[in-house]
Amino acid sequence: MSAGVDLQNVSCDFGKFRAVDKANVSIKPGEFFSFLGPSGCGKTTILRMVSGFIDPSEGQIKIGGQDMAGIRPNKRPTALIFQNLALFPLMPVWENISFGLEVRGASKDVRRAKAEELLKLVDLHDSADKAISQLSGGQKQRVAIARALAVEPSVMLLDEPLSALDLKLRQHMRAELRAIQKRTNVTFIYITHDQGEALAMSDRVAVMSQGKIQQISTPQEIYNTPVNGFVASFVGENNIFKGKVKQVDGSKCSFETDAGAFTATLGPAVDASTIARLYVRPEYSKLQAAPAEGANSIPVTVTDISFEGNFIHVHAADKTGRHLTVETRNDGSVTLPAIGSAQYLCFEAATARVLADQGMKDPGIDE
Amino acid sequence: MSELFRRYGHTLTWTFVALTAFWLLLLVILPQLYLLEESFRLYLPLADIGGPKDVYTLANYRSAFEQPTEWKFWLPFAWKPVILPFEAPIRIQVFVHTLVYSTVTTVITLILCYPVAFYLAKVANPRNVPLLFVGLLVPMWVSEILRAFAWFIILAFKGPLNMALVNMGIIDTPIRWITGFNSVTFGLIYVYLLFMLLPIYNAIQSLDTNQIEAAKDLGASSWRTHWRVIIPHSKPGIASGCVMVFMLAAGSILVPTLLASTQSRWFTEIIQQAMFESQDWNTGSAYAFMLLVTCTVFVIGMMRVFRVKLSDIAR
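All of these numbers come straight from a predicted model, not from anything done at the bench.

1. Focus: the packing of helix 4 (residues 108-121) of chain A against helix 5 (residues 137-150) of chain A
Residue and element names in this part refer to chain A. Where helix 4 meets helix 5, the closest approach of the two axes is 9 Å, and the angle between their N-to-C directions is 130°. The angle between the axes of helix 4 and helix 5 places the two elements in the oblique class. Pair helix 4 / helix 5 crosses with right-handed handedness. Contacts between helix 4 and helix 5 pair Lys114, Leu118 and Leu121 from the former with Ala146, Leu149 and Ala150 from the latter. Taken together, the residues of the contact of helix 4 with helix 5 sort by class into five nonpolar, no polar and one charged.

Next comes the structure, spelled out in structure tokens:
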């Protein structure tokens, strides 16, 4: 049923602009795979190439081992869920869902039965005869999913389908989508710029920037061991120090910055000659009154405290005015430092990573 | 209304309202009412007006149903008429011909315009669309009379069309294009093409391109995508284009006069004859109202058949 998708050296040019540059991905059958990246990074172009609406300028796309070159969108075993869903407003819900079957010449009874069955699957009973305009945002979402599932695709392609929903519904639909994927075992390729969505739902994630795939890995690895500065700063928050690698000692290195020298874990392909930054997550940073023994410490002044309920974010500034954040879990007994107090921000070498800059402007860095 | 006051102020708003009211009342409604009243009165010598002979009557309308003659019916694009086995009043024959050929004009215009509108709205590179539109609009800057005359020259027996076709070896002998209603239909299609194209273009353009892609993605062929997604969406545009072309064609006087063959008579010509040649405004307006009412009923009937609401067209 479900099929794998292979992208081999796939590039796509729009005139002089290279939207996708030599993408190599192998998506396994039945996998929930996400492309994560900022807008304009080429992720939608990849989706449109897989669905057949754009031809790659070079490279090969295979679905279930079969080369897709020259196969039109209406002949591919894919079903696309559009960002705006693109439901047919003039057809009732059940005709929307069974449109793919109508195309294949199924009789009205068969189509109706299939539509009812899929409506049950997406938890929308008794809506078969409703007009699309009568549905709420979440219900439309489900109809779009049912419509795509009706053609029994080997690969489902989803183009940020949750972006139009409000937060609560979005979180609910995440779980729902994941459950539907597990139930149907169809390969899902999911496009999003929302790291939370990508991390929460996917088996694997490809992080993209400027047409290039930066890293393909499981959500945990993407978050815990990003391969470069872009991935680290796009996925999650960081305290960032710019500097130079001074001395390498196995997997550790000494990294010199204007805030002092730190010991940190050396990221891939970084040496003394690369422009690099040190990244440490706010949850691995600690604030204490005295410098820590055997860990990195810098003196900071607490500037602000924001209480988020389950987490507390303490904002601080070092002597250069660099903005740093410490995230603490609220276990009910944390004592917060006073705003304006002098503290030391400490982090372990194992949790700090020195990563190459990739020569691109990273999002989330305010320097 | 209060929105208008707020936006344009009292002076300007009342000016707009007064001008619109003047136009509607004095230039449209009152003349129509005058003609309607006239149509129920007899055409009398001046001395008898207001006298005992001046009564309300249906005589003018009845006159359309007089003079039964043999009916030579011209099928669309036939080169010879079919002689129907019954006689019919001559004016009714012309009336039916007018409705039939207005319909033929509308259908052909629709068939010609839909693909062009679709191409302009969804296929053509948006950068080229303005240029393509200029190409469509420039001929329309020339007056209708000249364009109709141009067709008269093109279609003439010894005209350029026949010459080209004969020289290219497509036909052996020139065709008498100006036969039956052929030339009138050609002319009407050409003259009213844009009235069909623009509303359909607008309708198709407002369709979200994702809908077309969604249909394709679900496996639909181009035909089915048009039939199930694009045409239903553009139905209001198609309907308003059809209504406009039909009404304009049925009410056209220039084209049917200039491009007439010996056999093609248009009902507007009969109205014109009555009004201007016989100076009989009473009969003329009776015929004019016959045409207006019948066309309106016909259009409403067609809208029912194709399930188009008036509010769809007004959009």
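2. Overview of the pattern of salt bridges
For the coordinates displayed, the defined rule picks out 27 salt bridges over all chains. Its salt-bridge partner being glutamate 102 of chain A, residue arginine 111 of chain A comes within 3.8 Å of it at the nearest N-O pair. Salt-bridge contacts for aspartate 48 of chain B lead to lysine 53 of chain B; the nearest nitrogen and oxygen are separated by 3.8 Å. On the basis of relative accessible area, lysine 53 of chain B is assigned to the exposed category, the value being 52%. Where salt bridges share partners, they join Asp13, Arg18, Asp21, Glu58 and Lys212 of chain A into one cluster.

3. Re the domain arrangement of chain B
All names here are of chain B. Looking at the assigned domains, one finds that chain B contains domain 1 (1-39) and domain 2 (69-313). Summarising the inter-unit geometry, the C-alpha centres of domain 1 and domain 2 are found 32 Å apart. Of the residues lining the interface, five residues belong to domain 1; the matching set on domain 2 comes to six residues. Buried area between domain 1 and domain 2, summed over both chains or domains, comes out near 530 Å², and the portion from carbon and sulfur atoms is 68%. When residues of domain 1 are sorted by the area they lose upon contact with domain 2, Leu35, Glu38 and Ser39 head the list and together hold 70% of the total. Applying the counting criterion to the domain 1 and domain 2 interface returns zero salt bridges.

4. Some words on unusual backbone geometry
One non-glycine residue, aspartate 123 of chain A, lies in the positive phi region at around 65°. When you line up the elements, aspartate 123 of chain A lands in the loop between helix 4 and helix 5.

5. What about the environment of alanine 289 of chain A?
All names here are of chain A. Relative to the assigned elements, alanine 289 resides in the loop between strand 15 (286-288) and strand 16 (296-307). You can call alanine 289 exposed: its relative accessible area is 63%. Considered as a pair, alanine 289 and alanine 342 are 53 residues apart in the sequence and their alpha carbons are 7.5 Å apart. Excluding anything up to four places from it in sequence, alanine 289 contacts Gln343 and Tyr344.

6. Things to note about the packing of aromatic side chains
Applying the stated criterion across every chain yields a total of 25 aromatic pairs over all chains. Aromatic side chains phenylalanine 95 of chain B and phenylalanine 267 of chain B sit 4.8 Å apart centroid to centroid with 85° between the ring planes, which places their arrangement in the edge-to-face category. Taken together, the residues span a long stretch of sequence, with phenylalanine 95 of chain B in helix 3 (residues 90-123) and phenylalanine 267 of chain B in helix 11 (residues 267-277) at a distance of 172 residues. As far as burial versus exposure is concerned, phenylalanine 95 of chain B and phenylalanine 267 of chain B are alike and both buried. Both rings, one in phenylalanine 133 of chain B and one in tyrosine 201 of chain B, keep their centres 4.8 Å apart while their planes meet at 75°; by these two values the pair is edge-to-face. Of the two residues, phenylalanine 133 of chain B is situated in helix 4 (residues 129-137) and tyrosine 201 of chain B in helix 7 (residues 182-205); the sequence distance between them amounts to 68 residues. When its relative accessible area of 13% is taken as the criterion, phenylalanine 133 of chain B is described as buried. On the basis of relative accessibility, which here comes to 11%, the residue tyrosine 201 of chain B falls in the buried class. Members of the aromatic cluster, each reached through a chain of ring pairs, are Phe77, Trp79, Trp151, Trp177, Phe186 and Tyr190 of chain B. The ring of tyrosine 223 of chain A is capped by arginine 281 of chain A, whose NZ or CZ atom sits 4.1 Å from the centre of that ring.

Cut-offs applied
Residues numbered from 1 in each chain as written. Chains lettered and ligands numbered in written order. Predicted model: local features only at pLDDT ≥ 70, side-chain atom pairs only at ≥ 80, totals over all residues. Heavy atoms only, no water. Axes fitted to C-alpha atoms, helices over the stretch in contact; angles between N-to-C directions. Helix = DSSP H or I, 4+ residues; strand = E, 2+ residues; numbered from the N terminus. Parallel < 35°, antiparallel > 145°, perpendicular 65-115°, else oblique. Left-handed = near helix turned anticlockwise from the far one by under 90°. Contact = heavy atoms within 4.5 Å. Nonpolar A, V, L, I, M, F, W, Y, C, P; charged D, E, K, R; others polar. Salt bridge = Lys/Arg side-chain N within 4 Å of Asp/Glu carboxyl O. Buried < 20%, exposed > 50% of the residue type's maximum accessible area, 1.4 Å probe, protein only. Domains from an automatic or database assignment. Buried area = accessible area lost by both parts, 1.4 Å probe. Phe/Tyr/Trp six-rings, centres within 6.5 Å; stacked < 30°, edge-to-face > 60°. Lys NZ or Arg CZ within 6 Å of the ring centre and 35° of its normal.

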